[in-house]
Amino acid sequence: AQSVTQLGSHVSVSEGALVLLRCNYSSSVPPYLFWYVQYPNQGLQLLLKYTTGATLVKGINGFEAEFKKSETSFHLTKPSAHMSDAAEYFCAVSSANQAGTALIFGKGTTLSVSS
Amino acid sequence: DAGVTQSPTHLIKTRGQQVTLRCSPKSGHDTVSWYQQALGQGPQFIFQYYEEEERQRGNFPDRFSGHQFPNYSSELNVNALLLGDSALYLCASSALGQGSTDTQYFGPGTRLTVL
């Protein structure tokens, strides 16, 4: 079985500060890992994904994440927060061994950015 | 290129009624997955359709059923609505038949309120 834990349901940063959103996963098979962002009253937008290869993954809007197998983590970072980054962020995992499997999501982290 | 579209945007029903939600996948995609997102929670997988058949199912009762049409669009049906079915229902599409890397693209969702 697979699961995702997002540490911290709410993270607050100042504009220009580092953003760090934590995600740990559990999977008995090699995982595919994803970060999605959700703005109020909207669907989910893919920020970045890890499938195979390079463990440091760069996504849209200046976000990046690093897959650390030994720590079963896939934390999301951005060097400098912008007001427009305020949203809900979800980490998700699926199985690399079976294409097209369901995404298992964490409970989400709300990012607030203050000026 | 149109993304994933869903209809209706909002829906209000009463307990015991039945509801049908609709989804059109992104152009070139052949697989549709449905998720339920309760308020303040991450999305939960309901089921996935590929080649007009239910390919995977999450932990949802039989009151939740679906269908996929030859043009790859899909419907989600919920019978005997309960108050707890109130949620945002998200549709996601992917390209399983074309060697997918498991990226699912989400629509804006349908907000269902059960009174």
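Residues numbered from 1 in each chain as written. Chains lettered and ligands numbered in written order. Predicted model: local features only at pLDDT ≥ 70, side-chain atom pairs only at ≥ 80, totals over all residues. Heavy atoms only, no water.

### Topic: the state of the cysteines
All names here are of chain B. On inspection of all chains with the given rule, the structure shows two disulfides over all chains. The partner cysteine of C23 in its disulfide is C91, sulfur to sulfur 1.8 Å. With the S-S bond torsion at -55°, the cross-link from C23 to C91 turns out left-handed. Here the residue C23 occupies a position in strand β3 (residues 19–24), and C91 occupies one in strand β9 (residues 87–94), the gap between them amounting to 68 residues. For C91, a relative accessible area of 0% gives the class buried. (Disulfide = S-S within 2.5 Å. Helix = DSSP H or I, 4+ residues; strand = E, 2+ residues; numbered from the N terminus. Buried < 20%, exposed > 50% of the residue type's maximum accessible area, 1.4 Å probe, protein only.)

### Quick look at the pattern of salt bridges
All names here are of chain B. What the rule picks out here adds up to five salt bridges over all chains. Across the pair R22 and E75 runs a salt bridge, and its minimum N-O distance is 3.4 Å. Pair noted here: R22 is in strand β3 and E75 is in strand β8 (residues 74–78), with a separation of 53 residues, a long-range link. Note on R22: relative accessible area 41%, which makes it partly exposed. Since its relative accessible area comes to 17%, E75 is described here as buried. Between R63 and D85 there is a salt bridge, with its nearest N and O atoms 2.9 Å apart. Highlighted residues: R63 in the loop between β6 (53–57) and β7 (64–68) and D85 in the loop between β8 and β9, separated in sequence by 22 residues. (Salt bridge = Lys/Arg side-chain N within 4 Å of Asp/Glu carboxyl O.)

### Some points on the confidence of the model for chain A
A residue-level look at chain A finds 96% of positions with pLDDT of 70 or above and a mean pLDDT of 92. Within chain A, the lowest mean pLDDT, 93, falls on strand β9 (residues 87–95) of chain A, and the highest, 98, falls on strand β8 (residues 73–78) of chain A. (pLDDT = per-residue confidence, 0-100.)

### Description of the sheet that holds β8 of chain A
Within a sheet, neighbouring strands are paired by backbone hydrogen bonds and run either parallel or antiparallel to one another. All names here are of chain A. Pairing is antiparallel across the open sheet formed by five strands, whose spatial order is β1-β3-β8-β7-β6. The strands lining the two open edges of the sheet, one partner per strand, are β1 (3–7) and β6 (56–58). In this sheet, adjacent strand axes meet at a mean angle of 20° when their direction is disregarded. Relative to strand β7 (residues 64–68), β6 is paired through three bridges, and the arrangement is antiparallel. Paired with L56 across the strands is E66, a residue of β7. (Pairing = 2+ DSSP bridges. Axes fitted to C-alpha atoms, helices over the stretch in contact; angles between N-to-C directions.)

### A closer look at unusual backbone geometry
Residues and elements named next belong to chain B. Residue S7 is joined to P8 through a cis peptide bond whose omega torsion reads -5°. You can see P8 is positioned in the loop between β1 (5–7) and β2 (10–13). Non-glycine residue E51 carries a positive phi angle of around 50°. Within the element layout of this structure, E51 appears in the loop between β5 (44–50) and β6. Even without being a glycine, A80 presents a positive backbone phi close to 45°. Here A80 lies in the loop between β8 and β9.

### Brief notes about the interface of chain B and chain A
Counting residues at the interface gives 20 residues for chain B, matched by 22 residues for chain A. At the boundary of chain B with chain A, the tally comes to zero salt bridges. Counting the contacts that link chain B with chain A gives five residue pairs in polar contact (both at pLDDT 80 or more). Going through the elements one at a time, β4 (31–37), β5, β6 and β9 of chain B are the ones with two or more residues in the side of chain B that touches chain A. Partitioned by chemical class, the residues of the side of chain B that touches chain A number eight nonpolar, ten polar and two charged. (Contact = heavy atoms within 4.5 Å. Polar contact = N/O pair within 3.5 Å; in protein donor to acceptor, adjacent residues only side chain to side chain. Nonpolar A, V, L, I, M, F, W, Y, C, P; charged D, E, K, R; others polar.)

### Here's the deal with the sheet that holds β1 of chain B
All names here are of chain B. With antiparallel pairing, the four strands of this open sheet are ordered in space as β1-β3-β8-β7. Strands with a single pairing partner mark the edges of an open sheet, and in this sheet they are β1 and β7. With strand direction ignored, the average angle separating the axes of adjacent strands in the sheet is 20°.

### Describing the layout of surface pockets
Estimates place the volume of the largest pocket at around 360 Å³. In terms of lining residues, the largest pocket is bounded by 20 residues, among which I104 and F105 of chain A together with P43, Q44 and F45 of chain B are the most central. The residue makeup of the lining of the largest pocket, split by class, is nine nonpolar, ten polar and one charged. Taken as a whole, the second largest pocket encloses approximately 260 Å³ of empty space. If you go around the second largest pocket, you meet 15 residues; those closest to its centre are Q38 and E88 of chain A together with Q37, G40 and R111 of chain B. Ranked by residues supplied to the lining of the second largest pocket, first place goes to β9 of chain A with three residues. By residue class, the composition of the lining of the second largest pocket is seven nonpolar, six polar and two charged. (1 Å grid on protein atoms, 1.4 Å probe; cavity = no way out; pocket = protein on both sides within 12 Å on 5 of 7 lines; lining within 4 Å. Points joined across faces, edges and corners; volume = space filled by probe spheres on them.)

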